[in-house]
Amino acid sequence: MPLLDDTQEQGGYRLLIERTFKPLIPKQGKEFQGVLAVVYDKNEMEASGYAESMADVMQEPVYIAPFMKTRQTPVVKFEEGIMFIKDHSGEWLPVRAAFRYVTQRPWNRIPLLTKTKVFNPVLACLAGGRNKMVAAKAYDIFNAEIEEYGLKINTPETIWDVSKSEVPSMGKENGWASRCKSSLQ
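J.: How should the overall build of the chain be read in this particular structure?
T.: Helices and strands together make up the secondary structure of the chain, namely six helices and six strands. From first element to last, N terminus to C terminus, the chain shows the α and β order α-β-α-β-β-β-β-β-α-α-α-α. Among the 185 residues that make up the chain, the fraction classed as buried is 32%. Relative to all contacts within the chain whose residues are 6 or more apart in sequence, the contacts with residues 24 or more apart total 54%. Summing over all exposed atoms, the chain offers an accessible surface of approximately 12600 Å²; the carbon and sulfur share of this is 54%.

Listed below in structure tokens is the structure:
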């Protein structure tokens, strides 16, 4: 997203952490003792932006760890639903909350249900982002099957097969243009 304030160096990273991550994360001692972490599989620079912002907002150290599917010496693991991060001394640290920036098939490394609070849980990945179109079609099919029983799953409108150049006209047609004027100009 464009910066709301050009003087705010952490821009959207900080806003995201302040408005969504921080309110959901318990302080030390509420559930179990543990550190904060950002795990990633592709874009270390982007992940480090989240980690730096998280450390500033939460006022505590944040560990950043690569979480690749194939890695000879893993630095992230799960035991009994708790994520652990290996620090530089080789000690495994429990993680009470993590920001997930694992984008390539995270479900093959991260359990759906964890004791560690995972921001951007794997369930969000399964029904959003690249998979949103597939999920929308699946919901449409399921809704058609249960319609005769008077049931329906409410879902957000999904418009697919739109090129970037068509976005402004889609916004005008759907009334988004008045709410998103600056992004459509």
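The discussion continues.
J.: Would you mind showing me how to read helix α2 (residues 44-58) here?
T.: Note that an α-helix has 3.6 residues per turn; residues three or four places apart therefore point the same way. Along its 15 residues, α2 runs 20 Å from first to last C-alpha, staying within 8% of the 21 Å computed at 1.5 Å per residue. Residues A47, G49, Y50, A51, S53, M54, V57 and M58 constitute the buried set of α2. Positive phi shows up at Q59, right after α2, with a value of about 55°.

J.: So what exactly am I meant to see when it comes to the pattern of salt bridges here?
T.: Close approach of charged atoms lets side chains of opposite charge pair. Per the counting criterion, the structure on display carries three salt bridges. A salt bridge links D41 to R109; the shortest N-O distance between them is 3.8 Å. One end of the pair, D41, is in the loop between β1 (35-40) and α2; the other, R109, is in the loop between β5 (92-101) and β6 (117-119), with 68 residues separating them in the sequence. Like R109, D41 is buried. Its salt-bridge partner being R96, residue E60 comes within 2.8 Å of it at the nearest N-O pair.

J.: Would you mind showing me how to read the nonpolar core here?
T.: Generally speaking, soluble globular proteins have nonpolar side chains that are buried together. Formed by 16 residues in total, the largest nonpolar core has its most connected members in F21, L36, V38, M54, M58 and F99. Mapped onto this core, the elements with two or more residues apiece are α1 (11-24), β1, α2 and β5. Considering every element that reaches this core, the biggest residue donor is α2, with six residues. Ignoring any residue separated from it by four or fewer positions in sequence, one finds F99 in contact with L16, I17, F21, A37, V38, V39, Y50, M54 and F119.

J.: Would you take a moment to explain unusual backbone geometry for this structure?
T.: Apart from glycine, the bulk of residues carry a negative phi angle, and the bulk of peptide bonds sit in the trans form. Phi is positive for Q59, which is not a glycine, with a value near 55°. Here Q59 lies in the loop between α2 and β2 (62-66). Classification of Q59 by relative accessible area gives exposed; the value is 69%. Of note in this structure, R105 is not a glycine but carries a positive phi near 50°. The residue R105 is located in the loop between β5 and β6 in this model.

J.: Mind showing me how you'd approach the packing of aromatic side chains here?
T.: By convention here, two paired aromatic rings are described through the distance between centres and the angle between planes. Scanning the entire structure with this criterion turns up three aromatic pairs. Arranged with centres 4.4 Å apart and planes meeting at 25°, the rings of Y50 and F99 form a pair that is stacked. Separated by 49 residues along the polypeptide, Y50 in helix α2 and F99 in strand β5 bring together distant segments of the chain. Pairing F99 with F119 gives two aromatic rings, centres 5.3 Å apart and planes at 25°, and the pair type is stacked. Note that F99 is positioned in strand β5 and F119 in strand β6, a separation of 20 residues in sequence. F119 shares its class with F99; the two are buried. The ring of W92 is capped by K77, whose NZ or CZ atom sits 4.4 Å from the centre of that ring.

Cut-off values and rules
- Residues numbered from 1 in each chain as written.
- Predicted model: local features only at pLDDT ≥ 70, side-chain atom pairs only at ≥ 80, totals over all residues.
- Heavy atoms only, no water.
- Helix = DSSP H or I, 4+ residues; strand = E, 2+ residues; numbered from the N terminus.
- Buried < 20%, exposed > 50% of the residue type's maximum accessible area, 1.4 Å probe, protein only.
- Contact = heavy atoms within 4.5 Å.
- Areas by Shrake-Rupley, 256 points an atom, 1.4 Å probe, with all protein chains shown as cover.
- Expected span 1.5 Å × (residues − 1).
- Salt bridge = Lys/Arg side-chain N within 4 Å of Asp/Glu carboxyl O.
- Core = buried A, V, L, I, M, F, W, Y, C linked by side-chain atoms within 4.5 Å.
- Phe/Tyr/Trp six-rings, centres within 6.5 Å; stacked < 30°, edge-to-face > 60°.
- Lys NZ or Arg CZ within 6 Å of the ring centre and 35° of its normal.

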